[in-house]
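Structure assessment
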Amino acid sequence: MLPKALTGINGLDEVTGGGLPRGRPTLICGPAGCGKTMLAMEFLVRGSTDYGEPGVFLAFEETADDLVANVASMGFDLAQLQADGLLVLDHVTIAPGEVEQTGEWDLEALFVRLGYAIDSVGAQRVVIDTVETLFGAFRDGVTLRSELRRLFGWLKDRGVTAVITGERGDGTLTRHGIEEYISDCVIVLDHRVKEQTSTRRLRILKYRGSLHGTNEYPFIIADTGISVLPIASLGLQHHVSTRRLLTGVAGLDEMLGGAGVYEGSTVLISGATGTGKSTMAAQFCLAACRRGERVLYFAFEESEAQITRNMGSVGLDLAPWVAAGLLQFRCVRPSLLGLEAHLVAMQRLVNDVDPSVVVMDPISDLLGDSLDEVSAMLTRQVGFLKSKGITALFTSLKSETGLQEADQQIESLIDTWVLVKAIEGNGERNRALYVLKSRGMPHSNKIRQFFITDHGIELADVYVGPEAR
């Protein structure tokens, strides 16, 4: 088994199968602004603070003072780590015009300097940022490649787990086109903009001696560090419950075998505009609050005040539960953040609030992004909520003519699916619902008419059509 060094970076240890190769060099490459320096720095900081492995950061671009200031926004106190003897920041100035190749050269002086820094704190982790700046002043390609190999070999001989950052070249992963071949692990970062929304991606190009995730994984740089978002890292090993929860709509509970939905399951309510989706979600929230459970409500269209007012008009008083701390709202437009940022923000809030029930209303508002990305995001979110045993309810806008694309992207993830629809006839517009699926329980196949009254939703008798007498 190849020994590995945990990075401590959220999600990265999962896709690498346990971290970076211990005692070997790893190359992190990508264009400017993709997060190379931040990822390398967090690798050092987490090693020092979480795993007792001191580190050395050898910088050729940013000064030590700049590095301290730049990563403070992520909560990293580099000055304190230096004072505690857990980190060395060493800046080597190689400015254009100050270094000229006039004869044979090698990196012996750099090895002495780096070796002293390693020995001074007993470093087990080393970062070199960036290798292009180091070799940018030299034109002798043969010597350059030879010294690159020597540098990587020297780091291996010292037994340190090294991260080397590199800029993308013209048609190659790096400017010199050799680093990726002599590295034991290569991680490629990318920063792209689509429909005015920027997204960072991470891919493990190679990992000698180890299995690893091969997909592109979105990641974000937040105020607590980097978060990599594997699509299905949580697997399908989550605990399941046999406890049933009432939905708050008595007639719907009756259609679900008289006991409601399973705790920790996922529920989708889809339908056209004005069919009562949000009202049904609000009754679901009230039922949970009355059981003494905390509810977290993510709203993508309406503010908390608007939801509270509108639900109050049909007899659903949410305000007391908000005041009691059992119901919390998070209201934000989908366009404010990218999908990955939304996902991380939601998961962080779930961890902070520790709710029993989560509502997302409506998920169809996320469709401004590509369907594949929305599907991946919802897969991650459902997996995350199931792993914590949280009951989730999603609403989705459905056209009158067929299933909305958002429904099709999430249908396989849903345990209980309720469709609500408007029915017109005899000069009336009525509402009806039916249960399309409900895993693990008997459920009605009837279409039931329902009314939105001054005390919430009430189901009527079985709907038999406008021509019935």
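Just so we're clear, the structure is a prediction, and the values are computed from it rather than from any experiment. (Residues numbered from 1 in each chain as written. Predicted model: local features only at pLDDT ≥ 70, side-chain atom pairs only at ≥ 80, totals over all residues. Heavy atoms only, no water.)

**Things to note about the pattern of salt bridges**
What counts, and what does not: Salt bridges, as used here, are contacts in which a Lys or Arg side-chain nitrogen is within 4 Å of a carboxyl oxygen on Asp or Glu. The helix count covers DSSP runs of H or I at least four residues long, the strand count covers runs of E at least two residues long, and both are numbered beginning at the N terminus.
Applying the stated criterion across every chain yields a total of 21 salt bridges. Notably, a salt bridge pairs Arg150 with Glu147, separated by 3.1 Å at the nearest N-O pair. With Arg150 and Glu147 both in helix H7 (residues 141-157) and three residues apart, this pair spans about one turn of that helix. Between Asp354 and Arg294 there is a salt bridge; the shortest N-O distance is 3.7 Å. Separated by 60 residues along the polypeptide, Asp354 in the loop between helix H13 (339-353) and strand E17 (357-361) and Arg294 in the loop between helix H10 (277-290) and strand E15 (295-299) bring together distant segments of the chain.

**What to know about the side chain of Glu42**
Rules: Each residue is assigned to one of three classes by its accessible area relative to the maximum for its type, calculated with a 1.4 Å probe on protein chains only: buried under 20%, partly exposed between the two thresholds, exposed over 50%.
Among the structural elements, Glu42 can be located in helix H2 (residues 36-50). Given a relative accessible area of 1%, Glu42 falls into the buried group.

**Let's talk about the sheet that holds strand E22 (residues 456-462)**
In a beta sheet, neighbouring strands pair by backbone hydrogen bonds and run either parallel or antiparallel. For the record, the criterion: Only strands that DSSP links by at least two bridges are regarded as paired with each other. Working convention: axes come from line fits to C-alpha atoms, limited for helices to the stretch in contact. Angles between N-to-C directions cover 0 to 180 degrees. Contacts are assigned to residue pairs that have any heavy atoms within 4.5 Å of one another.
Strand order in the open sheet formed by nine strands is E16-E15-E17-E18-E14-E19-E20-E21-E22, with mixed pairing between adjacent strands. Of all the strands in the sheet, just strand E16 (327-331) and E22 have a single pairing partner and so form its edges. Taken pair by pair, the neighbouring strands of this sheet meet at an average axis angle of 25 degrees, ignoring direction. The strands that H10 touches are strand E14 (266-271), E15, E16, E17, strand E18 (391-397), strand E19 (416-425), strand E20 (428-438), strand E21 (448-453) and E22; relative to E18, the one it contacts most, it runs at about 170 degrees.

**Remarks on helix H11 (residues 304-312)**
We apply this condition: The arc in question is the one spanned by the directions pointing from the helix axis to the C-beta atoms.
Taken residue by residue, H11 has Ile307, Thr308 and Met311 as its buried positions. The buried residues of H11 occupy an angular sector of 95 degrees when projected down its axis, which confines them to one face. Away from the buried face of H11 by more than 90 degrees, exposed residues Ala305 and Arg309 are located. For H11, the secondary structure elements touched by its buried residues are H10, E15, helix H12 (319-323) and E16.

**Things to note about the side chain of Thr416**
Structurally, Thr416 is set in strand E19. When near neighbours in sequence (up to four residues on either side) are disregarded, Thr416 contacts Leu256, Val261, Thr266, Val267, Leu268, Lys437 and Ser438.

**What about the packing of H2 against helix H3 (residues 64-71)?**
Here is the rule: In this scheme, roughly parallel covers angles under 35 degrees and roughly antiparallel covers those over 145, while 65 to 115 is roughly perpendicular and the rest are oblique. For this classification, Asp, Glu, Lys and Arg are treated as charged, while Ala, Val, Leu, Ile, Met, Phe, Trp, Tyr, Cys and Pro are nonpolar and the rest, including Gly, are polar.
Where H2 contacts H3, the axes come no closer than 12 Å and their chain directions differ by 90 degrees. Relative to H3, the element H2 is oriented roughly perpendicular. For the pair H2 and H3, contact is made by Thr37, Met38 and Met41 and by Leu67, Asn70 and Val71, respectively. Of the residues in the contact of H2 with H3, the class split is four nonpolar, two polar and no charged.

**With respect to unusual backbone geometry**
A cis amide bond links Asp129 with the next residue in sequence, Thr130, at an omega value of -10 degrees. Assignment of secondary structure puts Thr130 in the loop between strand E6 (125-129) and helix H6 (131-135). The step from Asp361 to Pro362 runs through a cis peptide bond, and the omega angle for that step is -10 degrees. We note that Asp354 has phi near 55 degrees; this positive angle belongs to a residue other than glycine.

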